[in-house]
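Here is what each chain is made of, one letter per residue.
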Amino acid sequence: MTKIIVLGLLAIFIISILGLHFVGKMSFYKITTRLFSAMTLGVLVFIVLFVVVKGAMSFKPSMLSLKYSTENLSMGPAIVTTLLTVVLSILLASPIGIFTAIFLVEYTRVENKLVRAIRLATETLAGIPSIVYGLFGMLFFGLKLKMGFSVISGVLTVSIMILPIIIRATEEALKSVHPSVRQGSLALGAGKLRTIFKVVLPIAIPGILSGIILSVGRVVGETAALMYTLGTATSLPTSLKSSSRTLALHMYVLSSEGKHVGEAYASGMVLLILVLIINWSSTKLANKLSEVE
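Rules and cut-offs
Residues numbered from 1 in each chain as written. Predicted model: local features only at pLDDT ≥ 70, side-chain atom pairs only at ≥ 80, totals over all residues. Heavy atoms only, no water. Helix = DSSP H or I, 4+ residues; strand = E, 2+ residues; numbered from the N terminus. Buried < 20%, exposed > 50% of the residue type's maximum accessible area, 1.4 Å probe, protein only. Polar contact = N/O pair within 3.5 Å; in protein donor to acceptor, adjacent residues only side chain to side chain. Contact = heavy atoms within 4.5 Å. UniProt positions renumbered as here; feature names shortened; annotations may be inferred. Core = buried A, V, L, I, M, F, W, Y, C linked by side-chain atoms within 4.5 Å.

A. Focus on the side chain of Ser 74. Mapped onto the elements, Ser 74 comes out in the loop between α2 (28–58) and α3 (76–106). A residue is classified by how much of its surface remains accessible, and Ser 74, at 2% relative accessible area, is buried. From its side chain, Ser 74 meets the backbone nitrogen of Gly 76 in a polar contact 3.0 Å long. Among residues more than four places away in sequence, those in contact with Ser 74 are Ser 62, Met 63, Leu 64, Ser 65, Leu 66, Lys 67, Tyr 68, Ser 69 and His 250.

Put into structure tokens, the structure is as follows:
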């Protein structure tokens, strides 16, 4: 443990030194920005190395089995549930968030009461703690609508959670499109709706995908809201009404028991790798779409 911390601190120090390389006659502000940028990168490297090293020491191939048991403590069902929750919540929240942002940016030039109400709702949703979302999801989706602990209950809850992220990111992406682009399309005879979907949205896709990537990270790492709605069952979900657990919940439950801390580190390692893969794939997709457009 001590060796890992020392190696991490050494990595931060080396990266900080490399960040200051070739500073020459640069101003104090340039030196400062390089230094703290290098320190930020160093912290990321330290976290990744710490989790990967600790997780690799406890990882076993049997932990990827699709059938959980007290012997293998498999995270296979949790991985499947995580991917299912991410896909369904993004498919549900993205259209609502994107169309809300289109309405706010393209159709409401004047700040009227409706626009102010929508913006207030968005800001309020962004500031609500996840535990409150979990309580709401349990009382409304779980008890009132009789969904209980289920995948659909968890998906609906986290979909509400990520709405503000998608709305804000889409708003900024649409605002970044220069007005002359819209004016040129309208001048050529295209209608308002055609201009938005054929001209504006393709240019704004990279920014929209950035918000979706952030939303994916929020869903993957969520525990409090899903604990009250999705549940912590260890089995593989057979339907949307089944209870299960995501990888973050799996890691939390193992660590809270105190007997399987090593397996919790292994789950954290797989979770970290999964997030990196999702972010890398989404970035590649955004770049590819930008090149096509």
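B. Representation of the UniProt feature "transmembrane region" (unreviewed entry) in the protein chain within the structure. With numbering aligned to this structure, UniProt lists the feature "transmembrane region" (unreviewed entry) at residues 6–23, 35–57, 77–105, 117–141, 147–167, 199–220 and 264–281. Secondary structure over residues 147–167 splits into 81% helix and 0% strand, and the C-alpha atoms at its two ends are 27 Å apart.

C. The nonpolar core, seen in detail. By size, the foremost hydrophobic cluster in this structure holds 47 residues, and its most contacted members are Met 75, Leu 174, Ile 208, Val 216 and Leu 247. Secondary-structure elements contributing two or more residues to this core are α2, α3, α6 (151–175), α8 (192–220), α9 (224–229), α10 (247–257) and α11 (261–292). With 10 residues, the single largest contributor to this core is α8. Those residues within four positions of Leu 174 in sequence are excluded, and the remaining contacts are Ala 101, Ile 102, Val 105, Glu 106, Arg 182, Val 200, Leu 201 and Ala 204.

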